[in-house]
Amino acid sequence: MADSWATPRGEPGRRTGGPGQRAGGPGERTDGPGQRAGGPAGPGTDLHLDLPRGGGTGVRDALIRALRDAVRGGWLAPGTRLPSSRSLAADLGIARNTVADAYGELVAEGWLTARQGSGTRVARRVVPPEPAPPRTPPPAAVAATRPTYDLRAGQPDVSAFPRSAWLSAARRALTAAPNEAFGYGDPAGRPELRRVLADYLARARGVRAAPERIVVCAGFVQGLALLSRVRAKAGHREVGVESYGLDVHWNVMRGAGLRTVPLPVDQQGARTAELDRSAGLRTVLLTPAHQFPTGVSLHPDRRAAVVDWASRVGGLILEDDYDGEFRYDRHPVGALQGLDPEHVVYLGTASKSLAPALRLAWMVVPDHLLNDVLAVKGTGEWQSGALDQLTLAEFIDSGAYDRHVRGMRMRYRRRRDQLVAALAERAPRVRVTGIAAGLHAVLQLPPGTERSVVRGAAWQSLALEGLSRYRYRYRDQRQPDEPGPDPDGQPDGQPDGQPDALVFAYGAPPDHAFTGALEALCRVLP
């Protein structure tokens, strides 16, 4: 018979007695550390289990964990016979029922098997190895890889989020919220938010919308994904996009089954006349008020032309008004949607005016498309949090949103003016464009210098992106089974004559870091 070897926690596990010698004489029980409690041992194997003293469920759970770890770690091989519950209980100095309960639990879990006449054995099963702990780099290494100044476009100064005013609005909204606001809700969003948005958008952006036509989304990308699915389901498989923009948007539309068709962008915005060159094109995504990232506005003639195109062919314009509130040197350019509400979907977001973390955006949808959009939105987890919607509704209705936007507009304008002045003094060869609105500027560089400047910025711990990062690449559109050169004939998929430039997000850093970021930028410019 094999002896069981078990120790209470905190005591050394050692086998007592010389070769062939039992711990203790016949009928004698020894209770010293690491010694086997006397009495006949049942058939089984040597065990070393680390258990706490005392009894109760704590000992039972500890015994279960110890046996499970022994099996998982390979110390108890499959098929190994364990001591009887009586023997192991005697060795450990605990109640037999405690051991029996632990065995029963592990049998139920599949770690052990118990058969009449065969005793309790380790189950013959493949036990996956314990997963290795995640390799977390030390904090110093993480800090070393994080840029000191992140000036990539797409994020506002989140340090300026109006925490106190938002908290006050949240308290008022929560106090006044009806009980049904805590249910699953309407796929279109909370009626309180849609009502105030209809008033605000008409006043600030010239959007023509009734609350019933507004659909609240969890960010612009979700709204774009919804519209892409609706268009694909309707059989419209192509969508026009500006030749400069965000590849994440293009990929969302491609993921819904749409083929993207690039429209060239020049100093008057997207060349909307190109829409007629593709016979099957019925949808186009535009940033007419402030083209991203070049910063130009769509020329009035082209605005009229694209609306005429949509009306003539039964098309749909997706208007991305991502930073419509921030205008500095000119009167605000009204939303394109105001010209033809039945052929334009207006998309706005709180990500630039407040913070991306809110995940709140909105669409103003034509009547003929509304049911299709809501049908798709109602099929899954597409809803935004009702409490954040109620808070934003209160925030806008109280006037706090307008006050915040006015304050941020002044802050961003000061930074823009600092940028222009610094470049005029320190880098006169660099021309600044796209600065009449928005949160970023385009810095026109001497030919052939974009890549070297971006690399030099990285050495200065400055995260910058070149204009080429946002340029449409024709090879991204080609299917794997379509060999041959890119349509423009260039080996890298880029047309000739494209400018070297940087996209500098002066809106991203907090106020205290902007001077340092500007100084670092001037050091790397030619």
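Just so it is clear, the structure is predicted and the values come from calculations on it, not from any experiment.

All right, on to the overall build of the protein chain then. Along the protein chain, the regular secondary structure elements total 15 helices and 19 strands. Within the protein chain, the proportion of its 526 residues that are buried is 49%. When contacts within the protein chain are restricted to residue pairs at least 6 apart in sequence, long-range pairs at least 24 apart make up 73% of them. When the accessible surface of the protein chain is totalled, it reaches about 25400 Å², and 52% of it is carbon and sulfur.

Our next topic: the environment of leucine 281. In this fold, leucine 281 is placed in the loop between strand E10 (269-270) and strand E11 (283-286). We classify leucine 281 as buried; its relative accessible area is 1%. Separated by 42 residues in the primary sequence, leucine 281 and valine 239 have C-alpha atoms spaced 6.3 Å apart.

Across its 27 residues, helix H12 (residues 400-426) extends 39 Å between first and last C-alpha, which sits within 8% of the 39 Å expected from 1.5 Å per residue. Buried residues of H12: Ala400, Tyr401, Asp402, His404, Val405, Met408, Tyr412, Arg415, Arg416, Leu419, Ala422 and Leu423, and no others. Close packing links the buried residues of H12 with helix H6 (191-205), helix H11 (386-397), strand E15 (431-433), strand E16 (441-444), strand E19 (501-504) and helix H15 (511-524).

A few words on the sheet that holds strand E18 (residues 465-466). Across the sheet, which stays open at both edges, the four strands sit in the order E15-E16-E19-E18 with antiparallel pairing between neighbours. Sheet topology places E15 and E18 at the edges, where each strand pairs with a single neighbour. Where E16 lies against E19, four bridges are found, and the strand directions are antiparallel. Note on E19: the bridge partner recorded for alanine 441 is phenylalanine 504.

Attention now moves to the confidence of the model for the protein chain. Summing up the model confidence of the protein chain, the mean pLDDT is 83 and the portion of residues at 70 or higher is 81%. For residues 1-44, every residue scores under 50 in pLDDT, and the model assigns this stretch 88 contacts once sequence neighbours within four places are set aside. Note on residues 478-496: pLDDT is under 50 here. Beyond four places in sequence and across chains, it has 23 contacts.

Let us look at the nonpolar core. Core analysis: the biggest nonpolar cluster contains 61 residues, and Leu354, Leu419, Leu423, Leu443, Phe504, Leu521 and Leu525 have the highest contact counts within it. Residues in contact with leucine 419, not counting those within four places in the same chain, are Ala441, Leu443, Phe504, Tyr506, Leu518 and Leu521. Val230, Ala232, Trp250 and Trp382 belong to the second largest nonpolar core, which has 29 residues in total.

What follows deals with helix H9 (residues 300-313). The end-to-end C-alpha separation of H9 is 20 Å, in line with the 20 Å expected for 14 residues at 1.5 Å each. Looking only at H9, the buried set comprises Arg302, Arg303, Val306, Val307, Trp309 and Ala310. One side of H9 holds all its buried residues, which, seen down the axis, span an arc of 155°. For H9, the exposed residues set more than 90 degrees away from the buried face come down to Pro300 and Asp301. Phi turns positive one or two residues past the end of H9, at glycine 314, with a value near 70°.

With that settled, consider the pairing of strand E3 (residues 112-115). Sheet topology places E3 next to strand E4 (residues 119-122); four bridges connect them, and they run antiparallel. Counted as the bridge partner of alanine 114 is threonine 120 from E4. The turn joining E3 and E4, which pair antiparallel and follow one another in sequence, is formed by three residues; a positive phi near 85° is taken by glycine 117.

Applying the stated criterion across every chain yields a total of 28 salt bridges. Residue arginine 203 pairs with aspartate 402 through a salt bridge whose shortest N-O separation is 3.1 Å. Here arginine 203, found in helix H6, pairs with aspartate 402, found in helix H12; they are 199 residues apart in sequence, far enough to count as distant. Under the relative-accessibility criterion, arginine 203 is labelled exposed at 53%. Between arginine 469 and glutamate 465 there is a salt bridge whose closest N-O contact spans 3.7 Å. A network of salt bridges, in which partner residues are shared, links Asp157, Arg411, Arg415 and Asp511.

Going through the model one piece at a time under the given rule, you end up with eight aromatic pairs. By way of ring pairs, the aromatic residues Phe161, Trp166, Tyr200, Phe395 and Tyr401 are connected into one cluster. One Lys or Arg, arginine 469, reaches over the ring of tyrosine 470 and ends 5.2 Å from the middle of that ring.

On the basis of which strands lie adjacent, the open sheet formed by seven strands has the order E6-E14-E13-E12-E11-E7-E8 and mixed pairing. On the outer flanks of this sheet lie strand E6 (214-217) and strand E8 (259-263), each paired with one strand and no other. Going from strand to strand, the sheet's axes swing by 20° on average, the running direction of each strand aside. As judged from the five bridges shared by strand E7 (residues 238-242) and E8, these two strands associate in the parallel manner. Paired with valine 241 across the two strands is proline 262, which belongs to E8. Set on the sheet, helix H7 (residues 220-233) makes contact with E6, E11, strand E12 (316-320), strand E13 (344-349) and strand E14 (361-364); between it and E13 the angle comes to about 160°. Packed on one face of the sheet, helix H8 (residues 247-255) meets E7, E8, E11 and E12 and runs near 180° to E7.

Okay, the packing of H7 against helix H10 (residues 367-377) next. Between H7 and H10, the least distance of the axes is 9 Å, while the angle of their chain directions is 110°. Taken as axis vectors, H7 and H10 run roughly perpendicular relative to one another. Regarding H7 and H10, the two cross each other, and that crossing is right-handed. Counting all contacts with H7, which are made through Gln222, Leu226, Leu227, Arg229 and Val230, the residues of H10 involved are Leu369, Asp372, Val373, Val376 and Lys377. A per-class count over the contact of H7 with H10 returns six nonpolar, one polar and three charged.

Side chains of E6 alternate between two faces, with Ile214 and Val216 and Val215 and Cys217 buried alike. Taken together, the four bridges between E6 and E14 define a ladder with antiparallel strand orientation. Pairing of cysteine 217 across the sheet is with alanine 361, part of E14.

Procedures and definitions
Residues numbered from 1 in each chain as written. Predicted model: local features only at pLDDT ≥ 70, side-chain atom pairs only at ≥ 80, totals over all residues. Heavy atoms only, no water. Helix = DSSP H or I, 4+ residues; strand = E, 2+ residues; numbered from the N terminus. Buried < 20%, exposed > 50% of the residue type's maximum accessible area, 1.4 Å probe, protein only. Contact = heavy atoms within 4.5 Å. Areas by Shrake-Rupley, 256 points an atom, 1.4 Å probe, with all protein chains shown as cover. Expected span 1.5 Å × (residues − 1). Pairing = 2+ DSSP bridges. pLDDT = per-residue confidence, 0-100. Core = buried A, V, L, I, M, F, W, Y, C linked by side-chain atoms within 4.5 Å. Arc of directions from axis to C-beta. Salt bridge = Lys/Arg side-chain N within 4 Å of Asp/Glu carboxyl O. Phe/Tyr/Trp six-rings, centres within 6.5 Å; stacked < 30°, edge-to-face > 60°. Lys NZ or Arg CZ within 6 Å of the ring centre and 35° of its normal. Axes fitted to C-alpha atoms, helices over the stretch in contact; angles between N-to-C directions. Parallel < 35°, antiparallel > 145°, perpendicular 65-115°, else oblique. Left-handed = near helix turned anticlockwise from the far one by under 90°. Nonpolar A, V, L, I, M, F, W, Y, C, P; charged D, E, K, R; others polar.

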